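# Notes for the structure review
Given next are the chains, with one letter for each unit.
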Amino acid sequence: MSTLTQLADAVFKGDFLGVKDITQQLIEGGTDPIEIINQGLIEGMNIVAPKFKSGEMFVPEVMMSARAMHTGMEMVKPLIADQDVPSKGTIIIGTVAGDLHDIGKNLVVMILGSAGFKVVDLGVDVPAAKFIDAVKEHNPQVLGMSALLTTTMPMMQNTINALQEAGLRDTVKIIVGGAPVSQDFADKIGADGFAADAMAAKEICEKYVN
Ligand code: B1M
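Residues numbered from 1 in each chain as written. Predicted model: local features only at pLDDT ≥ 70, side-chain atom pairs only at ≥ 80, totals over all residues. Heavy atoms only, no water.

We apply this condition: UniProt positions are given in the numbering used here, feature names are shortened, and annotations may be inferred rather than shown by experiment.
Per an unreviewed UniProt entry, the protein chain carries the name Corrinoid protein and comes from Desulfosporosinus nitroreducens. In the Sequence similarities (unreviewed entry) part of its UniProt record, the protein chain is described as follows: "Belongs to the methylamine corrinoid protein family."

Structural data, given as structure tokens:
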């Protein structure tokens, strides 16, 4: 097993100490940091993703893998500060106003980040005005909103209306998700897409960005 494959395996297993050791060995051995990212760290999450989708892995395990991946990323990042880090595109994401649930949103952020997107995470309780400011500042391809409460779902509609009023609606694809959100609801409020889980969010973003 090559060391990059071992690194991918350690990410998959959520073994952050293993990831730390192997990443250090690779750095000291002179492996290209971009290779460490693509063939080690991201490759590990590529093993995780379909297993999460098929129900073979669960949320806590995915979180551990994502954390392990981030451990390696943090070690490699300083080495590529001057290089062009390949980014698939920019995604802005947040949990809508009035809603403090962020476990699912964070999972989506981790999966998108590990798939190579630049993710701007606005956090929780995000009002429409903050989404709009972020769209103006980052010019993303996709804006994602999460809601876990039936009472905060209408905030998704508010944000879309506000984007429309600001003349920004056509500059960005909008995806929505969260336990009470459905494809029907997404259609009703004029979102471009609905993602039932983090993997579906990744697939939709890949479709919109390419
Ligand atoms: Co709250 N809560 N909660 N809660 N909470 C629910 C959502 C609830 C269903 C529980 C229940 O009553 N059975 C209920 C909502 C009922 C309703 O609206 N009809 C509820 C309630 C009522 C409340 C409070 C009002 C309780 C109170 O104070 N009286 C309060 C509201 C606070 C607020 O937000 N203003 C509240 C508070 C909390 C805690 C703070 C205690 C905590 C949140 C901690 C945190 O997030 N940091 C909490 C939790 C943990 C839950 C439950 C138990 C679990 C939610 C969760 O994290 N699931 C939840 C019950 C449940 O869902 N079974 C519940 C795991 C997570 C991985 O799944 O978030 O669905 P999920 O994310 C998935 C997909 O939905 C999707 O991908 C994720 C990964 O696959 N997804 C996206 C999510 N966002 C996406 C965005 C995308 C794409 C996909 O694109 C942008």
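### Concerning the domain arrangement of the protein chain
As a reminder of what qualifies: In this document the domain limits rely on a domain assignment from an automatic tool or a database. Two residues form a contact once any of their heavy atoms are found within 4.5 Å. Reported buried area values correspond to the accessible surface (1.4 Å probe) lost by two parts on association, with both partners' losses combined.
In terms of domains, the protein chain is made up of domain 1 (3-80) and domain 2 (90-209). Distance between the C-alpha centres of domain 1 and domain 2: 26 Å. Counting residues at the interface gives eleven residues for domain 1, matched by eight residues for domain 2. In total, about 1100 Å² of surface goes out of reach between domain 1 and domain 2, with carbon and sulfur atoms giving 80% of it.

### Some words on the pairing of strand E2 (residues 118-121)
Let me state the cut-off plainly: Pairs of strands are assigned from DSSP output, requiring at least two bridges between the strands. Here a strand is any run of E in DSSP of at least two residues, a helix any run of H or I of at least four, and the numbering for each starts at the N terminus. The handedness rule is simple: strands pointing away from the viewer, and a clockwise path from the first strand over the helix to the second, make the crossover right-handed.
Judged from the four bridges that link them, strand E1 (residues 90-95) and E2 form a sheet pairing that is parallel. The partner of Thr-90 across the bridge, within E2, is Lys-118. This β-α-β element, E1 to helix H5 (residues 103-114) to E2, shows right-handed connectivity.

### Some words on the packing of helix H6 (residues 128-138) against helix H7 (residues 154-165)
Heads up, the condition is: The angle between two axes is taken between their N-to-C directions and runs from 0 to 180 degrees, where each axis is a line fitted to C-alpha atoms and a helix contributes only its stretch in contact. These descriptions rest on fixed angle ranges, namely under 35 degrees for roughly parallel, over 145 for roughly antiparallel, 65 to 115 for roughly perpendicular, and the rest for oblique. Each helix crossing is assigned a hand: it is left-handed if the near helix lies turned anticlockwise from the far helix by less than a right angle, otherwise right-handed if that turn is clockwise. Throughout this entry, Asp, Glu, Lys and Arg are counted as charged residues, while Ala, Val, Leu, Ile, Met, Phe, Trp, Tyr, Cys and Pro are counted as nonpolar. The remaining residues, Gly among them, count as polar.
At a minimum axis separation of 9 Å, H6 and H7 run at an interaxial angle of 45°. In this view, H6 runs oblique relative to H7, as classed from their interaxial angle. Of the two possible hands of crossing, H6 and H7 adopt the one that is right-handed. Along the contact surface, H6 presents Ala-128, Phe-131, Ile-132 and Val-135, while H7 presents Asn-158, Thr-159, Ala-162 and Leu-163. Here the residues of the contact of H6 with H7 are counted per class, giving six nonpolar, two polar and no charged.

### Structural notes on the coordination of the cobalt atom of the ligand
Convention followed: Only nitrogen, oxygen and sulfur atoms count as donors, using a 2.8 Å cut-off from the metal that widens to 3.2 Å for Na, K and Ca. Water is left out, so coordination shells may look unfilled.
Looking at the cobalt atom of the ligand, one finds just one donor atom contributed by the protein, His-101 (NE2), at 2.2 Å. With respect to the helices and strands, His-101 occurs in the loop between E1 and H5.

### Observations regarding the pattern of salt bridges
Under the convention used in this document: Whenever Lys or Arg places a side-chain nitrogen within 4 Å of a carboxyl oxygen from Asp or Glu, that contact is recorded as a salt bridge. The buried label applies to any residue whose accessible area, calculated with a 1.4 Å probe on protein chains only, is under 20% of its type's maximum; exposed applies above 50%, and partly exposed to all values in between.
A full pass over the atoms with the stated rule returns seven salt bridges. Among the salt bridges present, the one from Lys-51 reaches Glu-56, with a minimum N-O distance of 3.6 Å. Lys-51 sits in the partly exposed class, given a relative accessible area of 24%. Glu-206 is paired through a salt bridge with Lys-88; the nearest N and O atoms lie 2.6 Å apart.

### A closer look at unusual backbone geometry
We note that Asp-125 has phi near 55°; this positive angle belongs to a residue other than glycine. Position of Asp-125 relative to the elements: it lies in the loop between E2 and H6. What makes Asp-125 partly exposed here is its relative accessible area of 40%.

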